[in-house]
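Summary of structural features
In case you want the letters, here they are:
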Amino acid sequence: MAPRKRPETQKTPEVAVRPKSKRSRSPRELEPEAKKLCVKGPGSSRRFDSGCLWAGLASLQVPPPSSIVRALHHHKLGNAVWPSLQQIGAGGSITGLKFNPLDTNQFFTSSMEGTTRLQDFKGNTVRVFASSDTCNVWFCSLDVSARSRMVVTGDNVGHVILLNMDGRELWNLRMHKKKVTHVALNPCCDWFLATASVDQTVKIWDLRQVRGKSSFLHSLPHSHPVNAACFSPDGAQLLTTDQKSELRVYSASQWDCPPSLIPHPHRHFQHLTPIKATWHPRYNLIVVGRYPDPNFKSCTPHELRTIDVFDGNSGKMMFQLYDPESSGIISLNEFNPMGDTLASVMGYHILIWSQEEAGMRT
């Protein structure tokens, strides 16, 4: 059966933006404009604060630094010593990061240096879980389960490795023909694994029954390479993002049924961090960065690089976020656990959006 294709999404009638400056201004000058953005769309009256971090931190008198995270660190921890983390160097970018659910002072990383490791904020490597020992193989994705104490990581040649928290390898199998761009454990059934690849497939696995590369439960073919496959917070749906112009929503209880399709421009090119759609942690909402494509059917002249929010059931666009002071391409979006703060990654910058409802700030 063919996928259920929804009408191409149109821009919402209203996209409220913070007034754009006529010249580059200092954080102190921007402070008066760190005000609310009322972003309205069909079916939604949620209000958001402007997400320009420079405006939000203007009162801290933080000069334009090379690291926005350092500014956040000083904002939260005052004059506490900034952790000194050893840098990987050119070509050694981090491809995945997860906090250790058993120790919040540690985090897991996968990287192009060819390792998946656990380290602390002092720069110490606690344990190396996987190492390729060659510059031709690197790790592209990872996920961690606290309940089953497992770590799963995928590499650029199609292998997926499952390990326990002690670093013992349980299996190492080539599950895809090409790079594994994303691995995700189901938050409710963590023996349920989804893997996405540039070989244009997403595969569903039962970790209790993995015997080889053909032991997947379901293979979900796509028309283009796939950047991500994310389970919804309740584990009932799977959201996939391809490298062209399509988001898909699958039902985890009916993999054989056609997915719902949401046309959306987010094309990929080599020097752009892959755009990945994600879920809101508490509501059935999908959030993804827009990269306007002149070849996209509903593209309009001078279309903005917004953050688009869709209803996860209907695929209808609810509203959009945009800050003219930071008008680059938003590749990644991540909510805090309560869902009232959104961090958006744009090149070297991070935008922070905070929610305000019913006149009460959270």
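Summarised in this report is the structure supplied together with it. Nothing here was measured: the structure is a model prediction, and the numbers come from that model. (Residues numbered from 1 in each chain as written. Predicted model: local features only at pLDDT ≥ 70, side-chain atom pairs only at ≥ 80, totals over all residues. Heavy atoms only, no water.)

Helix and strand counts for the protein chain stand at three helices and 27 strands. By residue count, 50% of the 362 residues in the protein chain fall in the buried class. For the protein chain, long-range pairs separated by at least 24 residues make up 46% of all intrachain contacts whose partners lie at least 6 apart in sequence. (Helix = DSSP H or I, 4+ residues; strand = E, 2+ residues; numbered from the N terminus. Buried < 20%, exposed > 50% of the residue type's maximum accessible area, 1.4 Å probe, protein only. Contact = heavy atoms within 4.5 Å.)

Okay, unusual backbone geometry next. Even without glycine at this site, Asp-133 takes up a positive phi of about 60°. As for its position among the elements, Asp-133 is in the loop between strand S7 (125–131) and strand S8 (139–145). One non-glycine residue, His-302, lies in the positive phi region at around 60°. Relative to the helices and strands, His-302 is located in the loop between strand S21 (285–289) and strand S22 (307–311). Accessibility expressed as a relative area gives 80% for His-302, which makes it exposed.

Let us now look at the pattern of salt bridges. Once their charged atoms are close, side chains differing in charge can pair, the charge on each being opposite to the other. In total, this model carries six salt bridges according to the counting rule given. A salt bridge links Lys-98 to Asp-143, with the shortest nitrogen-to-oxygen separation between them at 3.8 Å. Linking Lys-98 in strand S4 (residues 94–99) with Asp-143 in strand S8, this pair joins segments that are 45 residues apart in sequence. Residue Glu-303 is joined to Arg-290 by a salt bridge in which the shortest nitrogen-to-oxygen separation is 3.1 Å. Residue Glu-303 is located in the loop between S21 and S22, and its partner Arg-290 is located in the loop between S21 and S22; the two are separated by 13 residues in the primary sequence. Arg-290 sits in the buried class, given a relative accessible area of 1%. When salt bridges that share partners are traced, they join Arg-290, Glu-303 and Asp-308 into one network. (Salt bridge = Lys/Arg side-chain N within 4 Å of Asp/Glu carboxyl O.)

Here the focus is a nonpolar patch on the surface. A cluster of nonpolar side chains, Ile-94, Leu-97, Phe-99 and Phe-121, forms an exposed patch at the surface whose accessible area comes to about 380 Å². By the secondary structure assignment, Leu-97 is in strand S4. On the basis of relative accessible area, Leu-97 is assigned to the partly exposed category, the value being 48%. (Patch = residues over 30% accessible without salt bridge, like charges linked within 9 Å, V, L, I, M, F, W, Y side chains within 5 Å. Areas by Shrake-Rupley, 256 points an atom, 1.4 Å probe, with all protein chains shown as cover.)

Strand order across the open sheet formed by four strands is S8-S9-S10-S11, with antiparallel pairing between neighbours. Taken across any chain shown, the strands that pair with only one partner, and hence form the sheet edges, are S8 and strand S11 (169–174). Adjacent strand axes in the sheet meet at a mean angle of 15°, parallel and antiparallel pairs treated alike. The sheet contact formed by S8 and strand S9 (residues 150–155) spans six bridges and is antiparallel. Bridging from a neighbouring strand, Phe-139 pairs with Asp-155 of S9. (Pairing = 2+ DSSP bridges. Axes fitted to C-alpha atoms, helices over the stretch in contact; angles between N-to-C directions.)

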